[in-house]
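One-letter residues, chain by chain:
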Amino acid sequence: MKGLDFRMPRTPFDGDSGDRAQRRFFVVFLATALSIISLAVGFLVVGGSPLLLLFPVLGIAVAFVIRELFWSFFDRSSRAIGRMVHSAGNIPYSPTYSAEDALVARGDHAAAAAAYRAHADANPAAVTPLLRLAELNRRHLRDDAEAERLYLEVRRRSADPGAAANQLIDLYRATGNRGRLMAELARYSALHADTAAGAAARKELQLLKDEAASA
């Protein structure tokens, strides 16, 4: 579940018993203070006239209005904070894949693989489930060919031209596939030509070429 949903409309009168008690205390305190102030102001305005009795009533009414305005502002602010904390608004939700991690920990690798694939199919823009699925194939299912296919799929799906490059280099090193390793190192060094990582890739590529030439 993607966190708590703070988008449901709420009236200013909903809430639990503690919330209602706070509202009652607030309005009683405010109404008492405002009715006293209104009575004092009324005495200055109308003196001992019977109209003086209207001023405490007016103070109580104002107290109720202030309470609702205050609680409405507080409610909106709380929901806005909740949206930021739980990513229920415009902030994208980042899956944790905890259920899949639990399957891997239990040794149910087939179920974990199916779950990662379902995530990838449901959200074609996401590459993380494919990367996890490829790692699962490498580490547990011992299917290097499928891992390679998934890394290449990540590259096709991603807007980043260097996506899965490091993983492919590691895979080709581990499997001893020198031809594809050299091709991937050449590609990586071209993408990162002005970086230390690119220089390291060029150096490794040159070593492989020298070994191939002397063999």
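The structure presented is a predicted model; accordingly, all values stated were derived computationally and were not measured.

Undergrad: Even after reading the chapter, I still don't get the pattern of salt bridges, so can you show me in this structure?
TA: Two side chains with opposite charge may pair up if their charged atoms get near one another. Summed over all chains, the structure comprises twelve salt bridges. Note that Asp 121 and Arg 117 form a salt bridge whose closest N and O atoms lie 3.5 Å from each other. Placement of both Asp 121 and Arg 117 in helix α4 (residues 109-122) is noted, with a separation of four residues, approximately one turn of the helix. A salt bridge links Arg 173 to Glu 204; the nearest nitrogen and oxygen atoms lie 2.8 Å apart. Of the two residues, Arg 173 sits in helix α7 (residues 165-175) while Glu 204 sits in helix α9 (residues 196-214), which places them 31 residues apart along the sequence. Residue Arg 173 is classed as partly exposed on the basis of its relative accessible area, which comes to 42%.

Undergrad: What should I look at first to understand α9 in this one?
TA: Note that an α-helix has 3.6 residues per turn; residues three or four places apart therefore point the same way. Between its first and last C-alpha, α9 extends 27 Å over 19 residues, near the 27 Å set by a 1.5 Å rise per residue. Taken as a whole, α9 has its buried residues at Gly 198, Ala 201, Leu 205 and Leu 208. For α9, the arc enclosing every buried residue in end-on projection is 85°, short of the 170-degree limit, so these residues lie on one face. Those residues of α9 that are exposed and aimed more than 90 degrees away from the buried face are Ala 196, Lys 203, Ala 213 and Ser 214. Close packing links the buried residues of α9 with α8 (178-191).

Undergrad: Just checking my understanding: could you explain the packing of α4 against helix α5 (residues 128-139) for this structure?
TA: When two helices pack together, their arrangement is given by the angle between the helix axes and by the axis-to-axis distance. Two numbers describe how α4 lies on α5: the axes approach to 8 Å, and their chain directions differ by 155°. Comparing their axes, α5 and α4 come out roughly antiparallel. Taken as a pair, α4 and α5 cross one another with a handedness that is left-handed. Across from His 109, Ala 112, Ala 113, Tyr 116, Arg 117, His 119 and Ala 120 in α4, the residues of α5 making contact are Pro 129, Leu 130, Arg 132, Leu 133 and Leu 136. Taken together, the residues that form the contact of α4 with α5 break down as eight nonpolar, two polar and two charged.

Undergrad: Whenever I open this one, the side chain of Arg 155 confuses me. Can you help?
TA: Tracing the chain through its elements places Arg 155 in helix α6 (residues 144-157). The exposure class assigned to Arg 155 is buried, which follows from its relative accessible area of 16%. Residues contacting Arg 155, with those up to four places away along its chain left out, are Pro 161, Ala 163, Ala 165, Leu 168, Glu 184 and Arg 187.

Undergrad: What exactly am I supposed to notice about the nonpolar core here?
TA: Soluble globular proteins tend to pack their nonpolar side chains together in the buried interior. The biggest cluster of nonpolar side chains holds 27 residues, and the ones touching the most others in it are Leu 133, Leu 136, Tyr 151, Leu 181 and Leu 185. Listed by contribution, the elements that provide at least two residues to this core are α4, α5, α6, α7, α8 and α9. At five residues, α7 tops the list of elements feeding residues into this core. Look past the residues within four positions of Leu 133 in its chain and what remains in contact with it is Ala 113, Tyr 116, Arg 117 and Leu 150.

Undergrad: What am I meant to see in a nonpolar patch on the surface here?
TA: Together, Ile 37, Val 41, Phe 43, Leu 44 and Val 45 line one region of the surface with nonpolar side chains, adding up to about 550 Å² of accessible area. The topology assignment puts Val 41 in helix α1 (residues 17-46).

Undergrad: Help me out: how do you make sense of α7 in this one?
TA: Taken together, the buried positions of α7 are Ala 165, Leu 168, Ile 169, Leu 171 and Tyr 172. Within α7, the buried residues cover an arc of 165° as seen down the axis, which keeps them to one side. Buried residues along α7 sit in contact with α5, α6 and α8. At the C-terminal side of α7, Gly 176 shows a positive phi close to 75°.

Undergrad: Would you mind going over the packing of α8 against α9 with me for this structure?
TA: The contact between α8 and α9 brings their axes to 8 Å, and the two run at 145°. The element α8 and its partner α9 pack so that their crossing is left-handed. Contacts from Arg 178, Leu 181, Met 182, Leu 185, Ala 186, Tyr 188 and Ser 189 in α8 reach Ala 197, Gly 198, Ala 201, Arg 202, Glu 204, Leu 205, Leu 208, Lys 209, Glu 211 and Ala 212 in α9. Grouping the constituent residues of the contact of α8 with α9 by class yields ten nonpolar, two polar and five charged.

Thresholds, definitions, all that
Residues numbered from 1 in each chain as written. Predicted model: local features only at pLDDT ≥ 70, side-chain atom pairs only at ≥ 80, totals over all residues. Heavy atoms only, no water. Salt bridge = Lys/Arg side-chain N within 4 Å of Asp/Glu carboxyl O. Helix = DSSP H or I, 4+ residues; strand = E, 2+ residues; numbered from the N terminus. Buried < 20%, exposed > 50% of the residue type's maximum accessible area, 1.4 Å probe, protein only. Expected span 1.5 Å × (residues − 1). Arc of directions from axis to C-beta. Contact = heavy atoms within 4.5 Å. Axes fitted to C-alpha atoms, helices over the stretch in contact; angles between N-to-C directions. Parallel < 35°, antiparallel > 145°, perpendicular 65-115°, else oblique. Left-handed = near helix turned anticlockwise from the far one by under 90°. Nonpolar A, V, L, I, M, F, W, Y, C, P; charged D, E, K, R; others polar. Core = buried A, V, L, I, M, F, W, Y, C linked by side-chain atoms within 4.5 Å. Patch = residues over 30% accessible without salt bridge, like charges linked within 9 Å, V, L, I, M, F, W, Y side chains within 5 Å. Areas by Shrake-Rupley, 256 points an atom, 1.4 Å probe, with all protein chains shown as cover.

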